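Listed below are the residues making up each chain.
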Amino acid sequence: MPAEPTAQLLSFLRAKTMLIVLDNCEHMVAACREFLTAVLAVAPAVRFLTTSRHVLGIGGEQLLPIRPLSVPDRYVADQTDDAVALFADRATFALPHFTVNEDNCDTVLGICSRLDGIPLAIELVVPWLRVMSASDVLTRLDDTFALLTAEAAARPSRQQTLIAAVDWSFALCAPRRADAVGAGVGVHRRVHRRGRRPRCAPTSGFPHRRC
């Protein structure tokens, strides 16, 4: 870390009582470890909440594993802590009167299972209930996963699911809207060693809109 900015930051934090959140630390484990160690040495009232696929290895570190939501083998009404419950909750934003019931529960279970219970993938798929049925969503998901590229198929299952969910959602955009999305974001197509997909960042002045 550069000495002068680091010294300024440590001086600022020295007497602070606060929570600092650091996301995706696995991409810079050594740098994050160095930063946290330096801060905690001079600012004992500062606490950190970090997300990482790797342990940072800092004294006092406490781990809370976060796994995908469970997908039950069968629908259980009033279940509140599984993938189906998240699907049902988010679906009401797309369709206020949507409910999971005996008629559609198998389809919803199929969607959640196809998405491996990953919350972000569910969030990406659910809005399409505005324009297609749950059965159509499941059918199109099956088509998308069947067409995974060889490069994507070589990735871990969790990454395959997110890649397919994003590609599926974008592919459903009308051509005009898809062009707008392409014009309104900067796409960085470098393949990093950490194996992430291209990242998109909104350009200035472009409204945030759903496809």
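Please read all numbers here as calculations on a predicted model, not as lab measurements.

So, about the pattern of salt bridges. Counting across every chain of the model gives three salt bridges. Of the charged contacts in the structure, one is a salt bridge between Arg90 and Asp89, with a shortest N-O distance of 2.2 Å. By relative accessible area, Asp89 is classed as partly exposed at 36%. With a shortest N-O distance of 2.7 Å, Glu123 and Arg90 are connected by a salt bridge. Taken together, the residues Glu123 in helix H5 (residues 119-125) and Arg90 in helix H3 (residues 83-94) connect sequence positions 33 residues apart.

Right, let's talk about the packing of aromatic side chains for a bit. This model, assessed by the stated rule, comprises two aromatic pairs. The interplanar angle of 80 degrees and the centroid separation of 5.9 Å between the aromatic rings of Phe35 and Phe48 together place this pair among those described as edge-to-face. Within this pair, whereas Phe35 is found in helix H2 (residues 29-42), its partner Phe48 is found in strand S2 (residues 46-50), the two being separated by 13 residues in sequence. Residue classification places Phe48 among the buried positions, given a relative accessible area of 19%.

On to the nonpolar core. Across soluble globular proteins, nonpolar side chains have a tendency to be buried as a group. One finds Phe87, Ile111, Ile122 and Leu129 to be the most contacted residues of the largest nonpolar core, which totals 25 residues. Elements represented by at least two residues in this core include exactly H3, helix H4 (105-114), H5 and helix H6 (134-146). With residues near it in sequence (within four places) discarded, Phe87 still touches Phe98, Val108, Ile111, Cys112, Ile122, Val126 and Leu129. Leu13, Val29, Leu36 and Val46 belong to the second largest nonpolar core, which has 15 residues in total.

This part covers the environment of Leu19. Here Leu19 lies in strand S1 (residues 18-22). As a C-alpha pair, Leu19 and Leu49 span 30 residues in sequence and 7.1 Å in three-dimensional space. With residues near it in sequence (within four places) discarded, Leu19 still touches Arg47, Phe48 and Leu49.

The share of residues in the protein chain with pLDDT of 70 or more is 66%, and the mean pLDDT across the chain is 76. Considering only residues more than four positions removed or in separate chains, one finds that residues 147-153, a stretch of pLDDT under 50, has six contacts. Contacts of residues 180-211 to residues separated by more than four positions or lying in other chains number 41 contacts, the stretch itself having pLDDT below 50.

Tallying each qualifying case throughout the model produces zero disulfides. Of all cysteine sulfurs, the one in Cys25 lies closest to Cys32, which takes part in no disulfide; the gap is 3.7 Å. Here Cys32 falls in the buried class, since its relative accessible area comes to 13%.

All right, on to unusual backbone geometry then. The backbone phi angle of Asn24 is positive, close to 60 degrees, even though this residue is not glycine. Within the element layout of this structure, Asn24 appears in the loop between S1 and H2.

Counting along an α-helix, one turn takes 3.6 residues, and residues three or four places apart therefore face a common direction. In a regular helix each residue adds 1.5 Å, so 12 residues correspond to 16 Å; H3 covers 17 Å between its end C-alpha atoms and thus fits that length. Inspection of H3 places Ala83, Val84, Ala85, Leu86, Phe87, Ala91 and Ala94 among the buried residues, and these make up the whole buried set. If you check the start of H3, you find a side-chain oxygen 3.2 Å away from the backbone N of Val84, and it comes from Asp82.

Criteria and cut-off values
Residues numbered from 1 in each chain as written. Predicted model: local features only at pLDDT ≥ 70, side-chain atom pairs only at ≥ 80, totals over all residues. Heavy atoms only, no water. Salt bridge = Lys/Arg side-chain N within 4 Å of Asp/Glu carboxyl O. Buried < 20%, exposed > 50% of the residue type's maximum accessible area, 1.4 Å probe, protein only. Helix = DSSP H or I, 4+ residues; strand = E, 2+ residues; numbered from the N terminus. Phe/Tyr/Trp six-rings, centres within 6.5 Å; stacked < 30°, edge-to-face > 60°. Core = buried A, V, L, I, M, F, W, Y, C linked by side-chain atoms within 4.5 Å. Contact = heavy atoms within 4.5 Å. pLDDT = per-residue confidence, 0-100. Disulfide = S-S within 2.5 Å. Expected span 1.5 Å × (residues − 1). Polar contact = N/O pair within 3.5 Å; in protein donor to acceptor, adjacent residues only side chain to side chain.

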